[in-house]
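Here is what each chain is made of, one letter per residue.
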Amino acid sequence: MTLANQLTLLRVALIPVFVLVFYLPYKWSYMASAIIFAAAAVTDWLDGYLARKLNQSTPFGAFLDPVADKLMVATALVLLVGLHQNAWFTIAAAVIIGREIAVSGLREWMAELGQRASVAVTVVAKFKTTAQMAAIIVLLAFDVREYPVMESIGYVLLYVAAAMTLWTMAVYLRAAWPVLNASSGQKESIEKDKKDKT
């Protein structure tokens, strides 16, 4: 149980706390839930940094880190859909969550064929994550009835993230297409190569 993995588990543990604080009937719950989400986002960066810096990368951490990240983001978006209750927000949230499910499934399938590196995280995906986190923090931190300007900023950031989400998904699908479009014989050859390497 390395320090990096402990931080990842902390991020998972923060999810129910985040939900409870979000629903508290107090004005400060907006900012408090945003702070909890921001703290989770910081641990997402920090656990990866520590794993590399301290040479603490583990298979458990490699599995749990992206899962914890997606759980927190999906939870935040679902809560915000209930708060905003309009088609514009719901469409963007559905695009982001749908992409995460699709790309996660693609990466798992490619990993089984030994082609995981073909769908590795890109630089654009990191910018997408930054815009996504910023949008969620802004939309969580302010009561949109009192701060319509902040709502507009949050929506712009969210749609930037949604657009980059579709872009990165297209990049991943394009990289994986030769394998996705391979005949059964070619797939057997890929699997055989993978077994030979192991």
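Everything discussed here concerns the structure shown above.
Residues numbered from 1 in each chain as written. Predicted model: local features only at pLDDT ≥ 70, side-chain atom pairs only at ≥ 80, totals over all residues. Heavy atoms only, no water.

**Here we look at the overall build of the protein**
For step 1, the next point in the chain: Along the backbone of the protein there are 7 helices and 0 strands.
For step 2, the next point in the chain: Along the protein, from the amino end to the carboxyl end, the secondary structure elements read α-α-α-α-α-α-α.
For step 3, the next point in the chain: Each of the 198 residues in the protein was classed as buried or not, and the buried ones make up 38%.
For step 4, the next point in the chain: Considering only residue pairs separated by 6 or more positions, the protein has 76% of its internal contacts joining residues 24 or more positions apart.
For step 5, the next point in the chain: Just so you have it, the protein exposes about 11,200 Å², and 69% of that area is on carbon and sulfur atoms. (Helix = DSSP H or I, 4+ residues; strand = E, 2+ residues; numbered from the N terminus. Buried < 20%, exposed > 50% of the residue type's maximum accessible area, 1.4 Å probe, protein only. Contact = heavy atoms within 4.5 Å. Areas by Shrake-Rupley, 256 points an atom, 1.4 Å probe, with all protein chains shown as cover.)

**Some details on helix α5 (residues 123-141)**
For step 1, the next point in the chain: Over its 19 residues, α5 extends 27 Å from the first C-alpha to the last, a length consistent with the 27 Å expected when each residue adds 1.5 Å.
For step 2, the next point in the chain: Residues of α5 that are buried include every one of Ala125, Lys128, Ala131, Gln132, Met133, Ala135, Ile136, Val138, Leu139, Leu140 and Ala141, and no others. (Expected span 1.5 Å × (residues − 1).)

**Some points on the side chain of arginine 99**
For step 1, the next point in the chain: Its location among the elements puts arginine 99 in helix α4 (residues 87-112).
For step 2, the next point in the chain: Residue class for arginine 99 comes out buried when judged on its relative accessible area of 3%.
For step 3, the next point in the chain: Looking at arginine 99, its side chain comes within polar contact range of the side chain of threonine 168, at 3.0 Å.
For step 4, the next point in the chain: Setting aside anything within four residues of it in sequence, one finds arginine 99 in contact with Ala125, Lys128, Thr165, Thr168, Met169 and Tyr172. (Polar contact = N/O pair within 3.5 Å; in protein donor to acceptor, adjacent residues only side chain to side chain.)

**Looking at helix α1 (residues 3-22)**
For step 1, the next point in the chain: For α1, built from 20 residues, the straight-helix expectation of 28 Å at 1.5 Å per residue is met to within 8% by its first-to-last C-alpha distance of 28 Å.
For step 2, the next point in the chain: A maximum bend of about 30 degrees is found in α1 at isoleucine 15, where proline proline 16 lies one to four positions downstream.
For step 3, the next point in the chain: Taken residue by residue, α1 has Ala4, Asn5, Leu7, Thr8, Arg11, Leu14, Ile15, Phe18, Val21 and Phe22 as its buried positions. (Bend = angle between axes of the 7 residues up to and from the residue.)

**Here's the deal with the side chain of threonine 75**
For step 1, the next point in the chain: Positionally, threonine 75 belongs in helix α3 (residues 59-84).
For step 2, the next point in the chain: In contact with threonine 75, other than residues within four places in its own chain, are Ile15, Phe18 and Val19.

**A closer look at the packing of aromatic side chains**
For step 1, the next point in the chain: Overall, the coordinates contain 5 aromatic pairs when judged by the stated rule.
For step 2, the next point in the chain: On the basis of an interplanar angle of 90 degrees and a centroid distance of 5.2 Å, the ring pair of phenylalanine 22 and tyrosine 23 is categorised as edge-to-face.
For step 3, the next point in the chain: Classification of phenylalanine 22 by relative accessible area gives buried; the value is 14%. (Phe/Tyr/Trp six-rings, centres within 6.5 Å; stacked < 30°, edge-to-face > 60°.)

**Points about the pattern of salt bridges**
For step 1, the next point in the chain: The full count for this structure, using the stated rule, is 4 salt bridges.
For step 2, the next point in the chain: For lysine 70, the salt bridge is made with glutamate 100, and the minimal N-O distance between the two is 3.6 Å. Here lysine 70 is found in helix α3, whereas its partner glutamate 100 is found in helix α4, with 30 residues between them in sequence.
For step 3, the next point in the chain: Accessibility expressed as a relative area gives 22% for lysine 70, which makes it partly exposed.
For step 4, the next point in the chain: The salt bridge partner of lysine 128 is glutamate 100, with a shortest N-O separation of 2.9 Å. Pair noted here: lysine 128 is in helix α5 and glutamate 100 is in helix α4, with a separation of 28 residues, a long-range link. Neither lysine 128 nor glutamate 100 differs from the other in exposure class; each is buried.
For step 5, the next point in the chain: Connected through shared salt-bridge partners, Lys70, Arg99, Glu100 and Lys128 make up one network. (Salt bridge = Lys/Arg side-chain N within 4 Å of Asp/Glu carboxyl O.)

**Describing the nonpolar core**
Soluble globular proteins tend to bury their nonpolar side chains together.
For step 1, the next point in the chain: Counting residues in each nonpolar core, the largest one holds 31 residues, and the members touching the most others are Phe18, Phe37, Leu77, Phe89, Ile136 and Leu140.
For step 2, the next point in the chain: Elements represented by at least two residues in this core include exactly α1, α2 (28-53), α3, α4, α5 and α6 (148-180).
For step 3, the next point in the chain: At 7 residues, the largest contribution of residues to this core is made by α5.
For step 4, the next point in the chain: The contacts of phenylalanine 89, once residues within four sequence positions are left out, are Leu77, Leu80, Val81, His84, Leu139, Tyr155 and Leu158. (Core = buried A, V, L, I, M, F, W, Y, C linked by side-chain atoms within 4.5 Å.)

**Description of the environment of alanine 39**
For step 1, the next point in the chain: Inspection of the secondary structure puts alanine 39 in helix α2.
For step 2, the next point in the chain: Owing to a relative accessible area of 36%, alanine 39 belongs among the partly exposed residues under this scheme.
For step 3, the next point in the chain: Along the backbone, alanine 39 and leucine 14 are 25 residues apart, and their C-alpha atoms lie at a distance of 9.2 Å.

Honestly, it's all geometry; don't read function into it.
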